[in-house]
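Given next are the chains, with one letter for each unit.
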Amino acid sequence: MVMTRQYLAGELSVLLAQLEGLATSHTGACSAALLRREAETLPPAALGPVAVRALRLIDEFCWCSLAGGDIALFVRQTDLGVRLFEFGVCAGLFDEV
């Protein structure tokens, strides 16, 4: 069970590092970095809320990319959003889908 919890935190951390790299602003990158630190330091029961906040953040990034006309960045962001959502569902991090 400990290995599974460590894996979940580690995998979420990797996804959040990728989220940080797709930020549309310095503030967004800082928000993603904070989420990553939380995923790495909070107890496993707190990973769900971190994942939900990450989905909200990627949604903001996507809207900013669309507003700025950066379709290539938007596509990369949506790909990560899908992977983050699928990971959260498969890991049981979301209360409702």
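Residues numbered from 1 in each chain as written. Predicted model: local features only at pLDDT ≥ 70, side-chain atom pairs only at ≥ 80, totals over all residues. Heavy atoms only, no water.

Caption draft 1: Region of the structure containing the state of the cysteines. Enumeration according to the criterion identifies zero disulfides in this entry. Cys-62 provides the cysteine sulfur closest to Cys-64, a residue in no disulfide bond, and the two sulfurs are 9.4 Å apart. Of all cysteine sulfurs, the one in Cys-62 lies closest to Cys-90, which takes part in no disulfide; the gap is 20 Å. (Disulfide = S-S within 2.5 Å.)

Caption draft 2: Main features of the packing of aromatic side chains. Inspection of the entire model under this criterion finds one aromatic pair. Both rings, one in Phe-85 and one in Phe-94, keep their centres 5.9 Å apart while their planes meet at 20°; by these two values the pair is stacked. Taking relative accessible area as the criterion, Phe-85 reaches 35% and is therefore assigned partly exposed. (Phe/Tyr/Trp six-rings, centres within 6.5 Å; stacked < 30°, edge-to-face > 60°. Buried < 20%, exposed > 50% of the residue type's maximum accessible area, 1.4 Å probe, protein only.)

Caption draft 3: Spatial organisation of helix H3 (residues 47–67). In this model, H3 (21 residues) spans 30 Å end to end at C-alpha, consistent with the 30 Å of a helix rising 1.5 Å per residue. Every buried residue belonging to H3 is among Leu-47, Gly-48, Val-50, Ala-51, Ala-54, Leu-57, Ile-58, Phe-61, Cys-62 and Ser-65, and all of these are buried. The positive-phi residue at the C-terminal boundary of H3 is Gly-69, with phi of around 75°. (Helix = DSSP H or I, 4+ residues; strand = E, 2+ residues; numbered from the N terminus. Expected span 1.5 Å × (residues − 1).)

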